[in-house]
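Reading the structure
Each chain is listed here by its residues.
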Amino acid sequence: IDPIKVKLGNGSDVKGTRVRVFGRVHRERRQKEVMFITLRDGYGFMQVIFTGPLAKTYDALTLTRETSMEILGELREVPPGAHAPNNRELHADYFKIYPGWKAAGGDEAITNRVSKDTEHATLLDLRHLTLRGETLSKVMIVRDAIEFAFNFVYKELRMRKVSPPALVQTQVEGGATLFKLPYYNEEAYLTQSSQLYLETCLPSMGDVYCIEKSFRAEKSLTRRHLAEYSHVEAELDFITFDDLLDHLELVMCRVLEVTMADPTVKQYIMDLNPEFKMPDRPFRRMKYSEAIEWLVEHNIPNEDGEPHKFGDDISEAAERKMTDIINRPIFLTHFPVEIKAFYMQKDKEDPRVTESVDCLMPGVGEIVGGSMRMDDYDELMAAFRREDIDPTAYYWYTDQRKYGSSPHGGYGLGFERFLAWLCKQHTIRDCCLYPRYFGRCKP
Ligand code: 4AD
Ligand code: MG
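Thresholds, definitions, all that
- Residues numbered from 1 in each chain as written.
- Chains lettered and ligands numbered in written order.
- Predicted model: local features only at pLDDT ≥ 70, side-chain atom pairs only at ≥ 80, totals over all residues.
- Helix = DSSP H or I, 4+ residues; strand = E, 2+ residues; numbered from the N terminus.
- Buried ≥ 20, exposed ≤ 12 C-beta atoms within 10 Å, placed from the backbone.
- Axes fitted to C-alpha atoms, helices over the stretch in contact; angles between N-to-C directions.
- Parallel < 35°, antiparallel > 145°, perpendicular 65-115°, else oblique.
- Left-handed = near helix turned anticlockwise from the far one by under 90°.
- Contact = placed C-beta atoms within 7 Å.
- Nonpolar A, V, L, I, M, F, W, Y, C, P; charged D, E, K, R; others polar.
- Domains from an automatic or database assignment.
- Near = placed C-beta within 6 Å.
- Pairing = 2+ DSSP bridges.
- pLDDT = per-residue confidence, 0-100.
- Core = buried A, V, L, I, M, F, W, Y, C linked by C-beta atoms within 7 Å.
- Arc of directions from axis to C-beta.

**A look at the overall build of the protein**
Each helix and strand in the protein was counted, giving 13 helices and 17 strands. Projected onto the principal axes, the alpha-carbon positions of the protein cover approximately 85 × 50 × 40 Å. Looking at the protein as a whole, 33% of its 443 residues qualify as buried.

**Focus: the packing of helix 5 (residues 134-156) against helix 8 (residues 263-272)**
The contact between helix 5 and helix 8 brings their axes to 10 Å, and the two run at 135°. As summarised for this structure, helix 5 and helix 8 are arranged oblique, according to the angle between their axes. Every pair of crossing elements has a handedness; the one defined by helix 5 and helix 8 is left-handed. Between helix 5 and helix 8, the residues in contact are Thr 135, Lys 138, Val 139, Ile 141, Val 142 and Ala 145 and Val 265, Tyr 268, Ile 269, Asp 271 and Leu 272, respectively. Residue composition of the contact of helix 5 with helix 8, grouped by class: eight nonpolar, one polar and two charged.

**A word on the domain arrangement of the protein**
With domains assigned, the protein is organised as domain 1 (4-96) and domain 2 (130-431). Here the C-alpha centroids of domain 1 and domain 2 sit 45 Å apart.

**A closer look at the site of ligand 1**
In the vicinity of ligand 1 there are 23 residues, among which Ser 193, Gln 195, Gly 369, Gly 412 and Gly 414 approach most closely. Of all the secondary structure elements, the ones that give two or more residues to the shell around ligand 1 are strand 12 (228-237), strand 16 (365-372), strand 17 (408-414) and helix 13 (415-422). Counting residues per element, the shell around ligand 1 draws most heavily on strand 16, at five residues. When the residues that make up the shell around ligand 1 are grouped by side-chain class, the tally is seven nonpolar, nine polar and seven charged.

**Thoughts on the sheet that holds strand 7 (residues 160-161)**
One open sheet holds the eight strands; their spatial order is 7-11-12-17-16-15-14-13, and the pairing between them is mixed. In this open sheet, the two edge strands, each paired with only one partner strand, are strand 7 and strand 13 (284-287). Bridging between strand 11 (residues 208-215) and strand 12 involves eight bridges; their strand directions are antiparallel. The residue of strand 12 that forms the bridge with Glu 212 is His 231. In the packing of helix 5 onto the sheet, the strands contacted are strand 7, strand 11 and strand 12, and the crossing angle to strand 11 comes to about 150°.

**Brief notes about the packing of helix 5 against helix 7 (residues 241-260)**
For the pair helix 5 and helix 7, the least separation of the axes is 9 Å and the interaxial angle reads 125°. Looking at the two axes, helix 5 sits oblique to helix 7. For the crossing formed where helix 5 meets helix 7, the hand is right-handed. Residues Ala 145, Ile 146, Ala 149, Phe 150, Phe 152 and Val 153 of helix 5 touch helix 7, and the partners they reach there are Val 251, Arg 254, Val 255, Val 258 and Thr 259. Along the lines of polarity and charge, the residues of the contact of helix 5 with helix 7 split into nine nonpolar, one polar and one charged.

**Concerning the environment of Gly 23**
Take Gly 23: it is sitting in strand 2 (residues 18-31). Judged by C-beta crowding, with 23 C-beta atoms within 10 Å, Gly 23 ranks as buried. Spatially, the C-alpha atom of Gly 23 lies 13 Å from that of Ala 103, the residues being 80 residues apart in sequence. Filtering out sequence-adjacent residues up to four positions away, Gly 23 remains in contact with Leu 8, Leu 39, Arg 40, Asp 41 and Met 69.

**What to know about the sheet that holds strand 8 (residues 167-168)**
Spatially, the three strands line up as an open sheet ordered 8-10-9, and their pairing is antiparallel. In this open sheet, the two strands that pair with only one neighbour each are strand 8 and strand 9 (180-183). The pairing of strand 8 with strand 10 (residues 186-190) spans two bridges and is classified as antiparallel. Across the sheet, the residue bridging to Val 168 is Tyr 189, located in strand 10.

**Re the confidence of the model for the protein**
Model confidence for the protein is summarised by a mean pLDDT of 93, while 95% of its residues fall at 70 or above. The ipTM assigned to the predicted complex is 0.99, against a pTM of 0.94.

**What about the nonpolar core?**
By size, the foremost hydrophobic cluster in this structure holds 72 residues, and its most contacted members are Val 142, Leu 248, Cys 359, Ile 367 and Leu 419. Beyond its immediate stretch of four places on either side in the chain, Cys 359 contacts Leu 248, Pro 329, Phe 331, Ile 367 and Val 368. If you look at the next biggest cluster of nonpolar residues, it comprises 16 residues, including Leu 8, Leu 63, Leu 90 and Ala 92.

**Observations concerning the environment of Ala 420**
By secondary structure assignment, the location of Ala 420 is in helix 13. Residue class for Ala 420 comes out buried when judged on the 24 C-beta atoms lying within 10 Å of it. With 281 residues separating them along the chain, Ala 420 and Val 139 place their C-alpha atoms 8.8 Å apart. Discounting residues that sit within four places of it in the chain, Ala 420 has contacts with Val 364, Gln 425, Ile 428 and Cys 431.

**Concerning helix 9 (residues 288-297)**
Within helix 9, burial applies to Tyr 288, Ala 291 and Leu 295. For helix 9, the angular spread of buried residues about the axis comes to 50°, placing them on one side. Residues of helix 9 that are buried in the fold lie against strand 13, helix 10 (316-326) and strand 14 (330-333). Immediately downstream of helix 9, the backbone of Asn 299 shows phi near 55°, a positive value.

**Examining helix 8**
Of the residues making up helix 8, those classed as buried are Val 265, Tyr 268 and Ile 269. The arc that holds every buried residue of helix 8, seen down its axis, measures 100°, which confines them to one face. Of the residues in helix 8, the exposed ones pointing more than 90 degrees away from the buried face are Pro 263, Gln 267 and Met 270. On its buried face, helix 8 sits against helix 5, helix 7 and helix 13.

Have a look at this one:
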């Protein structure tokens, strides 16, 4: 009978049958007459046993990690105490290593069995190989599941996905982090956010979202800033600021629920972050002015080492201390006009502040930035003047305020930051395939 070709992970439940598997040697171990191989194929791991003459073949005796193999044999159930993945092992009766499939061997840097003193830069240069390690590959698999969950949840909310351009001629989040590039005979930028384009879709498409790359020429090396990152952005029409906060809380919690519904993904998340608990709802809501008081009470200084005062930016360090102490998601709202972007709607009751929100998570800090948008034409023009931005290039954006304006708002969620929080990764550099940041553009 032809053996069934199976993937190695959960679900390929064909115990007692003869199967054919393909994969790479993740680990290998020899005991006198027996050889144990942990085979890996990206869907999971399988313990394979070579006994008798099979264990004594030249290819078995010289087998190196990462070598690709085809193996045939019988799948047998083993008790949970045996530490075999999915409580089963493959008793091989045939294997083949095709020409070119052998790995050189000897290089420990390819997985997360690297020695403690391997330089971080070296590991990043070898990203194409460290990607085969268990931690990074689990994070990447969780990442795929979360992206699917965002799409799923947005569809539940009847939102439409669009794909705005990456090459633009307008800035969104300040000139300091713009990547400029020659564009035929003109100058263009890599987009910092798709927000302004999402706003133009509302009148005819209803509530919209996108999952696109954003680019920021960040000059500081921090564990939560990339030059190229994935940005989940959404824009909602005819809403209030409270609607925006409720929506955001719902989306984040529902995305976690949908993600956790996949048992393999749930297992990976728990492996990476054993303390993970679903966040309690409602999230804590705190105004910027209350946060300033809180920081003063807790003796957490501002960037000049002085006590915080109204109008100060809350630094990354202060933000992190705050989230670590409060230890639950926080919606920080109503930031002063001066420290926020030009497009943010002012609060009707207190025009010193904006209808803005940052969502802060323990361990990471800000993972979402959002706001209601200025919907009045004259007010928007005044905001451009205040920020010293020439509105000419924004004609398509300002036109929205001439052709049927509406109360609307939205947000951007840093996808790698969300993952870093969920998978408890120290840096968001380990939450994307090939991180790009100041000083690194390879592999
Ligand atoms: O707070 P930001 O700058 O807000 C905007 O771009 C809005 N226009 C989004 C919108 O309303 N549609 O960025 C949003 C989020 C941040 O909260 C952060 O999580 C992430 O994007 N982010 C970065 N992530 C990685 N590397 C960087 N350099 C990032 N800059 C921002
Ligand atoms: Mg922000």
